[in-house]
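Overview (structure and organization)
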Amino acid sequence: MTFLPVHAIVNLRMLFLLIGACCILVGVNGGWDEEVGLLRRGGGGAGGGYQREFNYFKLSLQWPGTYCRRTRRCCSSNACCSRSNSPPVFTIHGLWTEYNDGTWPSCCSGKAFDEREISTLLEPLRKYWPSLSCGSPRSCHHRKGPFWAHEWEKHGTCAYPVVHDEYEFFLTTLNVYFKYNVTEVLFEAGYVPSDSEKYPLGGIISSIENAFHATPELTCSGDALEELRICFYKNFEPRDCARDTSALSRGSCPQYVSLPAHGSWEIRSSNTTAAS
């Protein structure tokens, strides 16, 4: 009977230990690896493996008057159907983590959204971070859920080490939203909701640049302003959203854009409720 030499047995044992360590690492549900400085994808994240730490934040705001004019049916979760005469303001779409190369991390932790964690924030979240549709976006855990669950699981979990948990993610986003009040800046510059007026896109961009010393990113639906995004360093000081600011700031928008008034979608939603 042939026996392996002692050094070969030791080498095999080391190999088995390394394989076992790798298996344990793959089984982790996600989080931060302090030693290598990388984010681990959660169990529901596409592709698995590591994602490097993000470079900056992007606060994406949506104009309800543009989104809600596409409303065709109403439900309890769709703020477009509210009859509460809510003020015409930009509302939050999300706080996203971004890389400088134009890509982004997603689904970085296995922890699922739990509304109980943000119970003390529900009142401002419903007002300033509402869902503007009846759809249920798919989360990182392969199930459909509320708008907030999608934003936390896809983007919030990747905000470590700046943001540490679900509550901090939503509270931080609200604080940044109130500090950098886009609606107030534009209204003071004369860019107010209207179903007849059109405003120069360059003027809107300049107003944000003068207020926050950073170039925003805008997207439109037709000639209506749909989203306005402001970017931040990790200390939440404003920065340009991309290197080629002249191209990306204008996005899909024409030279003149509108800010549809809320009244138009409030009437439309009340007329479509019965048909939904």
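Residues numbered from 1 in each chain as written. Predicted model: local features only at pLDDT ≥ 70, side-chain atom pairs only at ≥ 80, totals over all residues. Heavy atoms only, no water.

1. A word on the pattern of salt bridges
In this structure the tally under the stated criterion is 7 salt bridges. Residues K234 and E53 are paired through a salt bridge, measuring 2.7 Å at the closest nitrogen-oxygen approach. Here the residue K234 occupies a position in the loop between β8 (224-232) and β9 (238-239), and E53 occupies one in the loop between β3 (50-52) and β4 (56-62), the gap between them amounting to 181 residues. By relative accessible area, E53 is classed as partly exposed at 23%. A network of salt bridges, in which partner residues are shared, links K58, E217, E227 and R229. (Salt bridge = Lys/Arg side-chain N within 4 Å of Asp/Glu carboxyl O. Helix = DSSP H or I, 4+ residues; strand = E, 2+ residues; numbered from the N terminus. Buried < 20%, exposed > 50% of the residue type's maximum accessible area, 1.4 Å probe, protein only.)

2. Some points on the pairing of strand β5 (residues 91-98)
Summarising burial for β5: 8 of the 8 residues are buried, a large majority. Alignment of β4 against β5, held across 7 bridges, turns out to be antiparallel. The residue bridging L59 from the neighbouring strand is L95, located in β5. (Pairing = 2+ DSSP bridges.)

3. Some points on the UniProt feature "active site" (unreviewed entry) in the chain
Taken from the UniProt record, the annotation "active site" (unreviewed entry) applies to H93, E151 and H155. Taken together, the annotated residues stretch across 63 residues yet fold into one region, lying no more than 11.3 Å apart by C-alpha. Tracing the backbone through its elements, the reader meets H93 in strand β5. Not counting chain neighbours up to four residues away, the residues in contact with H93 comprise S60, L61, Q62, Y67, W129, F147, E151 and E227. (UniProt positions renumbered as here; feature names shortened; annotations may be inferred. Contact = heavy atoms within 4.5 Å.)

4. Considering the side chain of E98
Assignment of secondary structure puts E98 in strand β5. No salt bridge forms around the buried E98; measuring N to O, its nearest opposite-charge neighbour K58 is 4.1 Å away. Ignoring sequence-local partners within four residues, the contact set of E98 consists of F54, N55, Y56, K58, T103 and W104. (Lys, Arg positive; Asp, Glu negative; His and termini not counted.)

5. A closer look at the state of the cysteines
What the rule picks out here adds up to 5 disulfides. Disulfide partner of C68: C80, at an S-S distance of 1.9 Å. One disulfide, between C68 and C80, carries an S-S torsion of -75 degrees and so falls in the left-handed class. Linking C68 in helix α2 (residues 64-68) with C80 in the loop between α2 and β5, this pair joins segments that are 12 residues apart in sequence. Pair check on accessibility: C68 and C80 agree, each one buried. The disulfide bridge from C108 ends at C158, spanning 2.1 Å between sulfur atoms. What sets the handedness of the C108 and C158 disulfide is the S-S torsion sign, and at about 95 degrees it is right-handed. Of this pair, C108 sits in the loop between β5 and α3 (122-128) while C158 sits in the loop between α4 (147-154) and α5 (166-179), and the two are 50 residues apart along the sequence. (Disulfide = S-S within 2.5 Å.)

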